[in-house]
Amino acid sequence: MQREFRDATICLSLVLVGAALWADSPARELQQRLRKVGDSDSFYWAWTDAWLDRCGATSGDKRYANVRGGECCPKSLDETMLQNGFRAKLGVAPIVAYTDVNAIISDRDDIRHRINRASLTAVIRKAWDEHRGVTAFTWHLGNPCASRTGLRKGDYRYKCPEHPNLVKSIVSGEVLKQKGGLQAGDDAPHLNWQSDPRTWYLGLLTDFAEFLSTLKDRQGRRIPVIFRYPHEMDGTWFWWGKDSCAQDEFIRWCRLTADMLRSKGADGQVLFAYTPDRCWRELGAPADGKLNYLSWYPGDDYVDLVGFDDYGIAKGKTEEEARANSAATLSRMRLVSSFAREHKKVAALTEVGCDGARDNFYSTIFRLMTADGVHFAFVNSWHSQWFMPQTEAGLADMKAFALKPSVLMLRP
């Protein structure tokens, strides 16, 4: 109870202090810009891993870093050339680009993360300097009872049988007891056991805040970014999902995260994004205990962008089934758009993918993003096969989408 009271007091103090800082800040300016796009007839097409090579998943992406021994420094603005395969083929590139905190933050000293950290610093600076490009961070945070190398091992999907509710441990400060000893080997379930998840998490968050503090433009002003709270919490596949923690615990976790980053200087730099999956059916009310959109909502003081992930668009064994799935998406988009307008938030379709979809996937996305009642600033395509169609018809559909004037891109 004492910890909860102290956390609540700190939260209130930070909100009051931060309100003045937020009024005139890079994050506020970015939010206004994105809301203006959402209210227009155009939208940004965001890509995941647009600049880093799959987050440098094996050895780090050295294209934007100067690496000498164990030292890694970002290339200068003049040295950095934003490049990717899709830009080379079609001549367009994203203005909003996703990356993962796992690319740059680790609970061990890893050369891969040092290289990516330097490269991503250079990329963010270059994109902002060149075209006010926006970086959005997702975090596939490894389970603290099995944290190894994040994305490469899929620890974000691991669920510890001994301690199934680790969100509660993070927000409460509970120290865990392990049954059995530590095990060795790449397949060991507890290769990197963390007995104090809260301290472990806040350490990683502090490291991330330090990284954000280095993101400055030529005038020394902080470059704004989007940061997604743990996403798809209405699903069951992540260790922070609906079957692994209570809604009020998840809300406390989000608030702890925002307060920690703000206390480290990120207030006025970060837009905090609330992004469930498509499992919900109604908007609902905050913390109403039901499977509604707002069931995990941390509150207006902790959210700047609202959206959701949806991998059901244009999918189905028949055209009728695909249309029904897309219609359900449109209904959700209108609900979120209405909420965003009422609460002065940015709205976005934060993850989509064409894997398994019909060949009209991207033309369906265009129809949804430009439909009446939809005010979304961007749609983000996931990487790899979730980004690129696998048929000639699907590729033609995507290329036509990319060339539409209302799809905001970097163009020749």
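Note that this is a predicted model, so its numbers are computed, not measured.

1. With respect to the overall build of the protein chain
- When you go through the protein chain residue by residue, the secondary structure sums to ten helices and eleven strands.
- Each of the 412 residues in the protein chain was classed as buried or not, and the buried ones make up 57%.
- When contacts within the protein chain are restricted to residue pairs at least 6 apart in sequence, long-range pairs at least 24 apart make up 76% of them.
- About 17,200 Å² of surface is accessible on the protein chain, with carbon and sulfur atoms providing 51% of the total.

2. Examining the pairing of strand S9 (residues 346-352)
- Burial analysis of S9 places seven of its seven residues in the buried class, which makes it a mostly covered element.
- Summarising the sheet, strand S8 (residues 305-309) and S9 pair through five bridges and their orientation is parallel. Among the inter-strand pairings, Val306 is bridged to a residue of S9, identified as Ala347.
- Each parallel crossover has a hand, and for S8 linked through helix H8 (residues 319-343) to S9 it is right-handed.

3. Some points on the nonpolar core
- Counting residues in hydrophobic clusters, the biggest one holds 125 residues, and the most contacted among them are Trp45, Phe137, Phe208, Trp240, Trp253 and Leu349.
- If near-sequence neighbours (up to four positions away) are discounted, Leu349 is found in contact with Phe308, Asp310, Ile313, Met333, Ile365, Met369, Phe376, Phe378, Val379 and Asn380.

4. Here we look at the packing of aromatic side chains
- Tallied over the entire structure, the rule returns 37 aromatic pairs.
- Ring geometry for Phe361 versus Tyr362: centroids 4.9 Å apart, planes at 85°, classification edge-to-face.
- For Tyr362, a relative accessible area of 1% corresponds to the buried category.

5. Observations concerning the pattern of salt bridges
- According to the stated counting rule, one finds twelve salt bridges in the structure shown.
- Between Arg332 and Asp310 there is a salt bridge, with its nearest N and O atoms 3.2 Å apart. One end of the pair, Arg332, is in helix H8; the other, Asp310, is in the loop between S8 and H8, and 22 residues separate them in sequence. For the pair Arg332 and Asp310, a shared accessibility class is recorded, and that class is buried.
- When salt bridges that share partners are traced, they join Arg228, Asp309 and Glu351 into one network.

6. Side note on the side chain of Ser25
- With respect to the helices, strands and loops of the structure, Ser25 is situated in the loop between helix H1 (2-23) and helix H2 (26-38).
- A polar atom in the side chain of Ser25 sits 3.1 Å from the backbone nitrogen of Arg28.
- Excluding residues within four positions of it along the chain, Ser25 makes contact with Arg221 and Gly268.

7. Quick word on H2
- Along its 13 residues, H2 runs 18 Å from first to last C-alpha, staying within 8% of the 18 Å computed at 1.5 Å per residue.
- When we look at burial in H2, the residues that qualify are Pro26, Ala27, Leu30, Gln31, Leu34, Val37 and Gly38. The buried residues of H2 occupy an angular sector of 135° when the element is viewed end-on, so they sit on one face.

8. Description of the pairing of strand S3 (residues 71-74)
- Where strand S2 (residues 65-68) meets S3, four bridges bridge the pair, whose relative direction is antiparallel. Each bridged residue has a counterpart across the sheet, and for Arg68 the counterpart in S3 is Glu71.
- Between S2 and S3, which pair antiparallel and follow one another directly, the connecting turn spans two residues, one of which, Gly69, has a positive phi of 65°.

9. Looking at the state of the cysteines
- Under the defined criterion, the tally for this structure stands at zero disulfides.
- There is no disulfide at Cys145, and the cysteine sulfur nearest it, in Cys160, is 3.9 Å away.
- The exposure class of Cys145 is buried, given its relative accessible area of 0%.

10. Some thoughts on the environment of Lys36
- Its place among the elements puts Lys36 in helix H2.
- A C-alpha to C-alpha distance of 9.8 Å links Lys36 and Phe376, two positions 340 residues apart in sequence.

11. A look at the side chain of Thr275
- Within the fold, Thr275 resides in the loop between strand S7 (270-274) and S8.
- Here the side chain of Thr275 touches Arg228 through a polar contact of 3.0 Å, side chain to side chain.
- Residues contacting Thr275, with those up to four places away along its chain left out, are Arg228, Tyr229, His231, Glu232, Met233, Gly307, Asp309 and Thr350.

12. Considering the confidence of the model for the protein chain
- Averaged over all residues, the pLDDT of the protein chain equals 89, while 88% of them reach at least 70.
- Low pLDDT (under 50) marks residues 181-186, which in the prediction has ten contacts with non-local residues, meaning those over four places away or in another chain.

13. Structural notes on the environment of Asp107
- Following the sequence through the fold, Asp107 ends up in the loop between strand S4 (96-100) and helix H4 (111-131).
- The spatial distance from the C-alpha of Asp107 to the C-alpha of Leu204 is 6.7 Å, given a sequence separation of 97 residues.
- A distance of 3.0 Å separates polar atoms of two side chains, one belonging to Asp107 and the other to Trp200.

14. A look at the packing of helix H9 (residues 361-369) against helix H10 (residues 392-402)
- As a packed pair, H9 and H10 sit with axes 7 Å apart at the nearest point and diverge in direction by 35°. Contacts between H9 and H10 pair Phe361, Tyr362, Ser363, Ile365 and Phe366 from the former with Asp397, Met398 and Phe401 from the latter.
- Tallied by class, the residues present in the contact of H9 with H10 amount to six nonpolar, one polar and one charged.

What counts and how
Residues numbered from 1 in each chain as written. Predicted model: local features only at pLDDT ≥ 70, side-chain atom pairs only at ≥ 80, totals over all residues. Heavy atoms only, no water. Helix = DSSP H or I, 4+ residues; strand = E, 2+ residues; numbered from the N terminus. Buried < 20%, exposed > 50% of the residue type's maximum accessible area, 1.4 Å probe, protein only. Contact = heavy atoms within 4.5 Å. Areas by Shrake-Rupley, 256 points an atom, 1.4 Å probe, with all protein chains shown as cover. Pairing = 2+ DSSP bridges. Right-handed = clockwise from strand over helix to strand, strands pointing away. Core = buried A, V, L, I, M, F, W, Y, C linked by side-chain atoms within 4.5 Å. Phe/Tyr/Trp six-rings, centres within 6.5 Å; stacked < 30°, edge-to-face > 60°. Salt bridge = Lys/Arg side-chain N within 4 Å of Asp/Glu carboxyl O. Polar contact = N/O pair within 3.5 Å; in protein donor to acceptor, adjacent residues only side chain to side chain. Expected span 1.5 Å × (residues − 1). Arc of directions from axis to C-beta. Disulfide = S-S within 2.5 Å. pLDDT = per-residue confidence, 0-100. Axes fitted to C-alpha atoms, helices over the stretch in contact; angles between N-to-C directions. Nonpolar A, V, L, I, M, F, W, Y, C, P; charged D, E, K, R; others polar.

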